[in-house]
Amino acid sequence: MHAAASSGARLFLVTICLCSNVLSSSANAPLDYLDKHTTQYTKELIDLVNIPSISSLPEHHVDILSAAKWLQGRLKTAGLEEVKIYPTKSQPLVYGQWLHAKGAPTVLIYGHYDVQPVDPLELWNNKPFDAKLVNGEFLGRGAADDKGGLLQPIQAVEALLKSEGKLPVNVKFLLEGQEEIGSPDFETFLTQNGKLLQADYALSADGGQNFRDQGSLAIGLRGAITVEVELQTLASDQHSGMKGGTVLNPINALAKLLAGMVDDDHHITVEGFYDDVRPLTSEDKADLAAFPFDEQAEFQALGGALPVGEKGFTTLERRWLRPTLDVVGIWGGFQGAGVKTIVPSKATAKVSCRLVPSQNPDKIVQALEAHVDAHAPHGAKVTFRLLGFKAHPYSMPKDTIVNKAAAKVLEEVMGKPTLFYREGGTIPAMALLKNVLDIDMTMFSFGLPDDRIHAPNERYVESMYKMGRVAYVKLLQSIGGLAQQEERHDGSEL
């Protein structure tokens, strides 16, 4: 009896070991595939970055279409089906799906392929659309935001399909070409295609990490609006000697108007601006305290700048949970080299506001316009324009299924417990997906704070590019595994 039991135990152990080896081999196969195709993945990021898909400049619309077609082909090559370019009033979206994981959840994966303008070109150390891999960094406009990011889940899905012939979950890709101009047609597309985009979970390949060696997940982003204010005081430019000092200079007047929107304590003076801003919660304060922020190091890296901002709040509090008002562009008069002695006829400024939870973009636009009308100088013709970039703030719970799975994956690939934080930037799609389709989106992306996105000399770190595609494989496997666990749990309850 003892001998038989011992033999059975040995057989059981051998079976367990063999099964474990098979599972380990199966789990490693997609990662082996990724590793073997590193050279290919390097080339395709360079190729995609070299397409100047600037969404804000009409002359680059043909490049937007080229990038969309490139991604259409790439999704097909990866094994996605029903791949299609969907036109909108402006820039198109690219869609693809794989829906053969019976009983498994569906994951919608979002990214954007449009990029920011490259001005000022003279500050670039290399041509922005002649991408290169130099000293472990991909250099070029859009390398980090968001072309490197959106390629990672495509590569992960390809690795799983090519090595295992299937996916652990169903997937849908939605790749946008107008994120950098505020996603003006995205809400309409979601509303019109709700059935196509139905999913259990959503992931954003747009965003980033705060550190190279510790993962972080954003549970909130600020919203945004942008407006343009123009003051005209003369029918035409005038000689500054003949008319200067006797007519209203629109640049002086506009500068005074804009300066009056923020007081000496960096408090925004626009009436009603703070009406819906909520106070910091205990959870907010706990997340802030847990976040390892080195303020001195950050500002040294910015060239010795000094921290400024709304009085009574720390840098992180301002960045995560306080709204802003910034002049992001201003012009008038002669802009060339040298001097032209005129009193200009008009002056124009672009103003951007970042908004925090509970603030409504439309209400803030109305407040700004009312402030401009109330404080513009007598005799000036005021033109107030809403620009395309408008987005609601976004918040989500920490303890969603995907957040929990993503936190574990980040801890595995980066080696430290995952942090939760709020992002100061804006991704319009995240709030729109929540508002229209009622899906929380987890930001699972691997850019770094010093990647110089939106600025000259943008880069994407090669090690983060590799890490991201590995992490996506693990996350999709984890989400699929969680679904299987739930099925087994449901069965045990019957």
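Use the structure listed above.
The following refers to the structure shown. Because the structure is a prediction, the values reported are computed rather than measured.

Some words on helix α11 (residues 401-414)
- Compared with the 20 Å implied by 1.5 Å per residue over 14 residues, the 20 Å span of α11 between its first and last C-alpha is a close match.
- Taken together, the buried positions of α11 are Val402, Asn403, Ala405, Ala406, Ala407, Val409, Leu410 and Met414.
- Just downstream of α11, Gly415 is the residue with a positive phi angle, here 90 degrees.

Here we look at the environment of Thr324
- Position of Thr324 among the secondary structure elements: in the loop between α9 (315-321) and β11 (326-332).
- Excluding residues that lie within four positions of it along the chain, Thr324 makes contacts with Arg222, Ile268, Phe273, Ser352, Cys353 and Arg354.

Details of the sheet that holds strand β14 (residues 381-391)
- Ordered by their spatial adjacency, four strands build an open sheet running β11-β13-β9-β14, and the pairing between neighbours is antiparallel. Lying at the two open borders of the sheet, with one neighbouring strand each, are β11 and β14. In this sheet, neighbouring strand axes are inclined to one another by 15 degrees on average, regardless of whether the strands run parallel or antiparallel.
- Pairing of strand β9 (residues 223-232) with strand β13 (residues 346-355) involves ten bridges; the strand directions are antiparallel.

Let's talk about the nonpolar core
- Ranked by size, the top nonpolar core spans 100 residues in total, and within it Leu80, Tyr113, Phe173, Leu175, Phe444, Phe446 and Tyr460 carry the most contacts.
- Of all the elements, helix α4 (residues 143-164) adds the most residues to this core, at ten residues.
- What Phe446 contacts, discounting residues up to four positions off in sequence, is Gln152, Gly208, Gln209, Leu410, Tyr460, Met464, Met467, Gly468, Ala471 and Tyr472.

Description of the pattern of salt bridges
- Taken as a whole and judged by the stated rule, the model has 24 salt bridges.
- Notably, a salt bridge pairs Lys398 with Asp287, separated by 2.5 Å at the nearest N-O pair. With a gap of 111 residues between them, Lys398 in the loop between β15 (394-395) and α11 and Asp287 in helix α7 (residues 282-290) connect regions that are remote in the sequence.
- A salt bridge links Lys434 to Asp440; the nearest nitrogen and oxygen atoms lie 3.4 Å apart.
- Among the residues examined, Asp440 registers a relative accessible area of 22% and is labelled partly exposed.

Details of the packing of aromatic side chains
- If you walk through the whole model with that rule in mind, you get twelve aromatic pairs.
- Pairing Phe211 with Phe291 gives two aromatic rings, centres 5.6 Å apart and planes at 40 degrees, and the pair type is tilted. On the criterion of sequence distance, the pair formed by Phe211 in the loop between β7 (201-204) and β8 (216-221) and Phe291 in the loop between α7 and α8 (295-301) is long-range, its members being 80 residues apart.
- Under the relative-accessibility criterion, Phe291 is labelled buried at 9%.
- Counting every residue linked through ring pairs, the aromatic cluster contains Phe211, Phe291, Trp320 and Tyr421.
- The ring centre of Tyr465 lies 4.7 Å from the NZ or CZ of Arg469, which sits over that ring.

Digging into helix α2 (residues 38-49)
- Across its twelve residues, α2 extends 17 Å between first and last C-alpha, which sits within 8% of the 16 Å expected from 1.5 Å per residue.
- Within α2, the full set of buried residues consists of Thr38, Tyr41, Thr42, Glu44, Leu45, Ile46, Leu48 and Val49.

As for the sheet that holds strand β18 (residues 459-461)
- Taken together, three strands build an open sheet; the order of strands is β4-β5-β18 and the sheet is antiparallel. The open sheet terminates on both sides in strands that have one partner only, identified here as β4 (132-134) and β18. Between one strand axis and the next, the sheet turns by 25 degrees as a mean value, whatever way the strands run.
- Pairing geometry for β4 and strand β5 (residues 137-139), over three bridges, is antiparallel.

About the cut-offs
Residues numbered from 1 in each chain as written. Predicted model: local features only at pLDDT ≥ 70, side-chain atom pairs only at ≥ 80, totals over all residues. Heavy atoms only, no water. Helix = DSSP H or I, 4+ residues; strand = E, 2+ residues; numbered from the N terminus. Expected span 1.5 Å × (residues − 1). Buried < 20%, exposed > 50% of the residue type's maximum accessible area, 1.4 Å probe, protein only. Contact = heavy atoms within 4.5 Å. Pairing = 2+ DSSP bridges. Axes fitted to C-alpha atoms, helices over the stretch in contact; angles between N-to-C directions. Core = buried A, V, L, I, M, F, W, Y, C linked by side-chain atoms within 4.5 Å. Salt bridge = Lys/Arg side-chain N within 4 Å of Asp/Glu carboxyl O. Phe/Tyr/Trp six-rings, centres within 6.5 Å; stacked < 30°, edge-to-face > 60°. Lys NZ or Arg CZ within 6 Å of the ring centre and 35° of its normal.

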